[in-house]
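Listed here are the chains, written in short residue letters.
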Amino acid sequence: MKDHEQRLIDRGIRVTAVRLLVFQAMLTHPSAFSLADLEEKLDSVDKSTLSRAIRLFHEKLLIHSIDDGSGSIKYSVCDSACSCRLDDLHVHFYCTRCKHTRCLEQIAIPSVSLPPGFALESVNFVLKGLCDKCSKSRKC
Ligand SMILES: [Zn+2]
Ligand SMILES: [Zn+2]
């Protein structure tokens, strides 16, 4: 628990019992999570408290957001060393079978050269298909 507290402090987030609880739930979630996923997991936490915590964590770069095209924004906890700059960004993978979105931290976003006058601010790179677990269990 101490480590978790430190990670909040490192990001300039004041530690409260609820925030720790929310962060804990995020860390133990097996894939990227949406607000609804956390609501399900933390039914003791008030909805608006939960969405405020998510917003704060996102602002303070403790978590990053992913638009996987499923209709709800997903989030995932950032590495301690991550500063969410463009060169920290990685590819995400959305499994069409289990519907889980996972971070592929080892794969950096390919760099694109934009036409003159365009300035890149964020990238959302989502690959879709079957994840390692689902492709193994696939019956041919
Ligand atoms: Zn899957
Ligand atoms: Zn990610």
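Everything below is about the structure printed above this text.
These numbers were taken from a predicted model, which means no experiment stands behind them.

Undergrad: Sorry if this is basic, but what is going on with the side chain of S34 here?
TA: Take S34: it is sitting in the loop between α2 (17-28) and α3 (35-41). Judged by its relative accessible area of 6%, S34 falls in the buried class. Contact partners of S34, with chain neighbours within four places excluded, come to S72, I73 and K74.

Undergrad: Help me understand the coordination of the zinc ion (ligand 1), please; the structure alone is not making it clear to me.
TA: Around a metal, the perfect tetrahedron of four donors has angles of 109.5 degrees, and the perfect octahedron of six donors has angles of 90 or 180 degrees. Protein ligation of the zinc ion (ligand 1) involves C95 (SG), C98 (SG), C131 (SG) and C134 (SG), the donor distances falling in the range 2.3 Å. In this structure, the zinc ion (ligand 1) is surrounded by 4 donor atoms whose angles at the metal cover 102 to 119°, and the resulting shape is tetrahedral. In terms of primary sequence, the donors binding the zinc ion (ligand 1) are separated according to C-x2-C-x32-C-x2-C. Since its relative accessible area comes to 1%, C95 is described here as buried.

Undergrad: What am I meant to see in the sheet that holds strand β5 (residues 126-129) here?
TA: Strand-to-strand pairing in sheets goes through backbone hydrogen bonds, with the strands running parallel or antiparallel. Strand order across the open sheet formed by 3 strands is β4-β3-β5, with mixed pairing between neighbours. Edge positions in the open sheet fall to β4 (101-108) and β5, since each of these has one partner strand only. On average, each strand axis in the sheet is inclined to that of its neighbour by 30°, with strand direction left out of account. With 5 bridges connecting them, strand β3 (residues 90-95) and β4 associate as antiparallel partners. Residue pairing for β4: V91 is matched across the bridge by L104.

Undergrad: It is not clear to me how the coordination of the zinc ion (ligand 2) should be interpreted in this structure. Could you clarify?
TA: For the zinc ion (ligand 2), the full set of protein donor atoms is H64 (NE2), H90 (NE2), H92 (NE2) and C103 (SG), and the range of their distances to it is 2.0 to 2.2 Å. Coordination at the zinc ion (ligand 2) is tetrahedral, judged from the 4 donor atoms that bind it and the angles of 102 to 113° they form at the metal. Between consecutive donors of the zinc ion (ligand 2), the numbers of intervening residues give the motif H-x25-H-x1-H-x10-C. Here H64, found in strand β1 (residues 63-66), pairs with H90, found in strand β3; they are 26 residues apart in sequence, far enough to count as distant. Summarising the burial analysis for this pair, H64 and H90 share the class buried.

Undergrad: Quick question: what am I supposed to make of the pairing of strand β2 (residues 74-77) here?
TA: A regular strand places its side chains so that they alternate between the two faces of the sheet. Side chains K74 and S76 of β2 all project onto a buried face; the interleaved residues Y75 and V77 project onto the opposite face, where all are buried too. Of the pairings in the sheet, the one linking β1 to β2 comprises 4 bridges and is antiparallel in character. Pairing of H64 across the sheet is with S76, part of β2.

Undergrad: What am I meant to see in the pattern of salt bridges here?
TA: Tallied over the entire structure, the rule returns 3 salt bridges. The shortest N-O distance in the salt bridge between D68 and K74 comes to 2.6 Å. One exposure class covers both D68 and K74, and it is buried. With a shortest N-O distance of 3.0 Å, R102 and D132 are connected by a salt bridge.

Rules of the game
Residues numbered from 1 in each chain as written. Chains lettered and ligands numbered in written order. Predicted model: local features only at pLDDT ≥ 70, side-chain atom pairs only at ≥ 80, totals over all residues. Heavy atoms only, no water. Helix = DSSP H or I, 4+ residues; strand = E, 2+ residues; numbered from the N terminus. Buried < 20%, exposed > 50% of the residue type's maximum accessible area, 1.4 Å probe, protein only. Contact = heavy atoms within 4.5 Å. Donors = N, O, S within 2.8 Å, 3.2 Å for Na, K, Ca; no water. Tetrahedral: all angles 85-135°; square planar, octahedral: opposite > 155°, others 65-115°. Pairing = 2+ DSSP bridges. Axes fitted to C-alpha atoms, helices over the stretch in contact; angles between N-to-C directions. Salt bridge = Lys/Arg side-chain N within 4 Å of Asp/Glu carboxyl O.

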